[in-house]
Amino acid sequence: MDKASADCPYPGCFFCVMKEGNPSKRRASILKFFRELPSQDDDGQVLPISGLWNTAMAHPNDPEFIELGIFECMSALIWKGLKNRRWLSHDQNIYIPYYAAHIIGSYTMNMEEFADRAVRAGIIPPLVELLRGRLTWVEQRVAVRALGHLATYASTFPAVASHGEILELSIQLAMSSLEIVYSHFYQYVDRRLSYHCDLLTRGMGGVEMESRKAEEWASQLQCWSLQLINCFAFKPEFLPTICKPEFLAKLPGMWGGLVNENSPAGIGLLRTICHHKLGRGPVAACPGIIEALCNIARSSDDWQYMAIDCLLWLLQDPSTCHKVIENAVPALVDLAEISSLGDHKKLGDSIVNVLQECIESQGTGRTQINSHVKEEVEELLNSKQRLKWEKNMPKEDLHIKQAAALVVKLEGNSLFSSGNISGAAAKYSEALALCPMRSKKERVVLYSNRAQCHLLLQQPMAAIGDATRALCLHNPVNRHAKSLWRRAQAYDMLGLAKESLLDAILFINECSQSNDPDLSLRQNKVPDYAERLVKKQMRAAWLFREAAIKHGGVQCEGDAGDMCGQETDDSEWETASESEIGNEERDEIGDDICGWENEVERKDKYKKASLKEIKHGYNVQLTEDNV
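- Where an unreviewed UniProt entry is consulted, the protein appears under the name ARM repeat N-terminal plant domain-containing protein, with the organism given as Solanum pinnatisectum.

This is the structure in structure tokens:
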């Protein structure tokens, strides 16, 4: 290898090699460097490896290092770290297996031809050893990431699948990853491995930063495990291994952060499983999954369509329809007026068609539907028929119906103000029966108002249904602030922290962008009561909560006083209805029940949190790893 520059202390320095101006000499020196590095025991080896890591992150599609043998070099370095613990513990070599696996993952995430070269270089066996946990969870994280990339390509999946233990290891890691990170890093600050702390924060953070990054990396460890499993789930022969009741039952709770678009999360994996007939049976038979799917289907995030797809496929399958129909139909009825969801056009029409088939199959003996479910579907079908009739009605008649609905709605508002909540709900129902189907803005307000009545009457499921209908009708979909807030409160009543948290965060986003006069005059557009609910639900839905309870890190003092992790807040939480009773404000077409809290009369006895702080922990973005 060429000599290093005069001021460089390392003979054959990789960084000096990279400065070589002659391309042929440079390539020959790099090739020699990759061949010789695994056999060297000199100090300072981690420096060129970290440089290669930066290069792989910045230029993952550059073929130069792949052609010169970087995969063979990284594979040999991982094996060296696994077999030679003396070398691993010397100098800073402990970092090398992590960087090596990360480099493999970065160079294989976009280019199938690079993945082919990696497999031929023998990188799968050492990655499997890391996946087994031969070192620590930090190396497991980058190993499962790299294997997940290799499994996405048709040409390299067979090589991954030939190592049968990879699927089993990934399933176990998906279920245990949060507990592993909590018990091996997060829980005991004084026992944290220094190189883990340095990797998480690049040496720039203290204990708080380390803890925050640990949550993010734990989420990634679970998400990448699910992504790898998802590659196997597309092949029916692997479904019996995946569809074990213990694993399926945990999938709906594997969110991996509220924002993590590059992972299928648990719901994405369930969707892949439900796409196959072989997978639908175990899903339908697993207690709690259908209820969870219904909650996710009613949610307002990017995974909503996945849950809807699962429910529709389960209903269309004669072998599973009878097992899910009573729970699935009410949720889908609430969603039937959604027009489109992202790239999914006419989603509401698809829902109606499937529900209609369920009713028609009643007479064929395929499935039995109880009377209440049948009435809900028939009411939905009648509303669709009503929409067709209204298309042929004169405009004058439609205006009369709309005016009549407005009068009844105002009567409902008056009853609500006087404290007659059940009477107000009845009036809103009457107004909905009168209001033309095409008058979507008016129907949004009526459903949202009735949702508020259900809240005050302690009927959270009814409130969730009406709030969902309002959000489906709203343009844009899922963006009606008051309905988001009311549904967040209803989920809070039911103890569904994650669902409540998601709606509350979306409500805050709407507030921050709102032109509402009551909010525009405030310096901080985010209502304090929403901040408090979000902080409460972040505790209840904390990523490490289950692991912390198991390992004694959470003291349960009732719903209002749970302590998660290292921080607590002694604030008193409002009940779901205390913040809104008796307030009114103007909406698009008339008086809508107020969803904003009266800030003038309320004493400020709570600590405020910025929107950035509120979103932390469940707004996980995979920025570091380019995935």
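Here's the deal with the overall build of the protein
Right, so step 1: The secondary structure content of the protein amounts to 33 helices and 2 strands.
Right, so step 2: Every one of the 627 residues in the protein was classed for burial, and the buried ones make up 56%.
Right, so step 3: Counting contacts in the protein only where the partners sit at least 6 residues apart, residues at least 24 apart contribute 71% of the total.
Right, so step 4: Element-wise, carbon and sulfur atoms account for 50% of the exposed surface of the protein, whose accessible area totals about 26900 Å².

Points about the confidence of the model for the protein
Right, so step 1: Confidence in the prediction of the protein, expressed as mean pLDDT, is 84, and 82% of residues score 70 or more.
Right, so step 2: Mean pLDDT across the elements of the protein bottoms out in strand 1 (residues 584-586) (36) and peaks in helix 9 (residues 124-131) (98).
Right, so step 3: For residues 594-627, every residue scores under 50 in pLDDT, and the model assigns this stretch 102 contacts once sequence neighbours within four places are set aside.

Digging into helix 8 (residues 112-120)
Turn by turn, an α-helix covers 3.6 residues, leaving residues three or four places apart pointing in a common direction.
Right, so step 1: Listing the buried residues of helix 8 in full gives Phe114, Ala115 and Ala118. Each buried residue of helix 8 sits inside an arc of 100 degrees when the element is viewed along its axis, so together they form one side. Helix 8 presents Glu113 and Arg120 as exposed residues on the side facing more than 90 degrees away from its buried surface.
Right, so step 2: Looking at the buried positions of helix 8, the neighbouring elements they touch are helix 4 (64-67), helix 5 (70-83), helix 7 (96-108) and helix 10 (137-151).
Right, so step 3: Trailing helix 8 by a residue or two, Gly122 shows a phi angle of about 85 degrees, which is positive.

Remarks on the pattern of salt bridges
Right, so step 1: For the structure shown, the criterion picks out 24 salt bridges.
Right, so step 2: Linking Glu179 and Lys550 is a salt bridge whose minimum nitrogen-to-oxygen distance equals 3.1 Å. Taken together, the positions of Glu179 in helix 12 (residues 165-186) and Lys550 in helix 32 (residues 545-550) put the pair 371 residues apart, joining distant regions of the chain.
Right, so step 3: Residue classification places Glu179 among the partly exposed residues on the basis of a relative accessible area of 26%.
Right, so step 4: Accessibility expressed as a relative area gives 59% for Lys550, which makes it exposed.
Right, so step 5: Notably, a salt bridge pairs Asp317 with Lys277, separated by 3.0 Å at the nearest N-O pair. Here Asp317 is found in the loop between helix 20 (304-316) and helix 21 (318-334), whereas its partner Lys277 is found in helix 18 (residues 277-285), with 40 residues between them in sequence.
Right, so step 6: Several salt bridges share partner residues, and in doing so they unite Glu129, Arg132, Arg134 and Glu165 into one network.

Observations concerning the packing of helix 26 (residues 440-456) against helix 27 (residues 460-473)
Right, so step 1: Interaxial distance between helix 26 and helix 27 falls to 8 Å at its minimum, and their mutual angle equals 160 degrees. Here helix 26 lies roughly antiparallel to helix 27, going by the angle between them. At the point where helix 26 passes helix 27, the crossing takes the left-handed sense. Between helix 26, through Lys440, Arg443, Val444, Tyr447, Ser448, Arg450, Ala451, His454 and Leu455, and helix 27, the contact on the second element is made entirely by Ala462, Ala463, Asp466, Ala467, Arg469, Ala470 and Leu473.
Right, so step 2: Looking at the contact of helix 26 with helix 27 residue by residue, the class counts come to 9 nonpolar, 2 polar and 5 charged.

Topic: the packing of helix 17 (residues 265-274) against helix 18
Right, so step 1: Taken N-terminus to C-terminus, the directions of helix 17 and helix 18 make an angle of 125 degrees; their axes are 6 Å apart at the nearest point. Taken together, the axis directions place helix 17 and helix 18 in an arrangement best described as oblique. Taking contact as the criterion, the partners of Leu270, Ile273 and Cys274 in helix 17 are, on helix 18, Gly279, Arg280 and Val283.
Right, so step 2: Its residues assigned to classes, the contact of helix 17 with helix 18 shows 4 nonpolar, 1 polar and 1 charged.

Here's the deal with helix 5
Right, so step 1: Under the 1.5 Å per step criterion, the end-to-end length of helix 5 is 20 Å for 14 residues, consistent within 8% with the ideal 20 Å.
Right, so step 2: Buried residues dominate helix 5, accounting for 10 of its 14 residues.
Right, so step 3: Residues of helix 5 that are buried: Ile70, Phe71, Cys73, Met74, Ser75, Leu77, Ile78, Lys80, Gly81 and Leu82.

Quick word on unusual backbone geometry
Right, so step 1: Residue Asn475 is joined to Pro476 through a cis peptide bond whose omega torsion reads 5 degrees.
Right, so step 2: Within the fold, Pro476 resides in the loop between helix 27 and helix 28 (481-494).
Right, so step 3: Even without being a glycine, Lys346 presents a positive backbone phi close to 50 degrees.
Right, so step 4: Here Lys346 is to be found in the loop between helix 21 and helix 22 (347-360).
Right, so step 5: Of the residues examined, Lys346 reaches a relative accessible area of 60% and is grouped as exposed.

Looking at the packing of aromatic side chains
Right, so step 1: A complete count under the given rule lists 22 aromatic pairs for this structure.
Right, so step 2: Taking 6.4 Å as the distance between ring centres and 25 degrees as the angle between the ring planes, the aromatic pair formed by Tyr95 and Tyr99 counts as stacked.
Right, so step 3: On the basis of relative accessible area, Tyr95 is assigned to the buried category, the value being 11%.
Right, so step 4: Residue Tyr99 is classed as buried on the basis of its relative accessible area of 10%.
Right, so step 5: Centre to centre, the rings of Phe232 and Phe238 are 5.0 Å apart; their planes meet at 90 degrees, and the pair counts as edge-to-face.

Side note on the environment of Lys235
Right, so step 1: Examined against the element boundaries, Lys235 turns out to sit in the loop between helix 14 (207-233) and helix 15 (239-242).
Right, so step 2: Among the residues examined, Lys235 registers a relative accessible area of 35% and is labelled partly exposed.
Right, so step 3: Linking Lys235 and Thr272, residues 37 residues apart in sequence, is a C-alpha distance of 9.7 Å.

A few points about a positive patch on the surface
Right, so step 1: On the surface, Lys388, Lys391, Lys395 and Arg438 cluster together to form a positively charged patch.
Right, so step 2: By secondary structure assignment, the location of Lys388 is in helix 23 (residues 371-391).

Focus: the environment of Asp309
Right, so step 1: As for its placement among the helices and strands, Asp309 is situated in helix 20.
Right, so step 2: Put simply, Asp309 and Ile351 are 42 residues apart on the chain and 9.4 Å apart in space, counted from C-alpha to C-alpha.

Quick word on the state of the cysteines
Right, so step 1: If you walk through the whole model with that rule in mind, you get 0 disulfides.
Right, so step 2: Cys321 carries a free sulfur, and the closest cysteine sulfur to it, the one in Cys358, is 4.2 Å from it.
Right, so step 3: On the accessibility criterion, Cys321 (3% relative accessible area) is buried.

Thoughts on the side chain of Ser177
Right, so step 1: Note that Ser177 resides in helix 12.
Right, so step 2: According to the relative accessible area criterion, Ser177 is buried, its value standing at 0%.
Right, so step 3: If sequence neighbours within four positions are ignored, Ser177 has contacts with Ala218, Leu221 and Gln222.

Rules behind the numbers
Residues numbered from 1 in each chain as written. Predicted model: local features only at pLDDT ≥ 70, side-chain atom pairs only at ≥ 80, totals over all residues. Heavy atoms only, no water. Helix = DSSP H or I, 4+ residues; strand = E, 2+ residues; numbered from the N terminus. Buried < 20%, exposed > 50% of the residue type's maximum accessible area, 1.4 Å probe, protein only. Contact = heavy atoms within 4.5 Å. Areas by Shrake-Rupley, 256 points an atom, 1.4 Å probe, with all protein chains shown as cover. pLDDT = per-residue confidence, 0-100. Arc of directions from axis to C-beta. Salt bridge = Lys/Arg side-chain N within 4 Å of Asp/Glu carboxyl O. Axes fitted to C-alpha atoms, helices over the stretch in contact; angles between N-to-C directions. Parallel < 35°, antiparallel > 145°, perpendicular 65-115°, else oblique. Left-handed = near helix turned anticlockwise from the far one by under 90°. Nonpolar A, V, L, I, M, F, W, Y, C, P; charged D, E, K, R; others polar. Expected span 1.5 Å × (residues − 1). Phe/Tyr/Trp six-rings, centres within 6.5 Å; stacked < 30°, edge-to-face > 60°. Patch = residues over 30% accessible without salt bridge, like charges linked within 9 Å, V, L, I, M, F, W, Y side chains within 5 Å. Lys, Arg positive; Asp, Glu negative; His and termini not counted. Charge placed at Lys NZ, Arg CZ, Asp CG, Glu CD. Disulfide = S-S within 2.5 Å.

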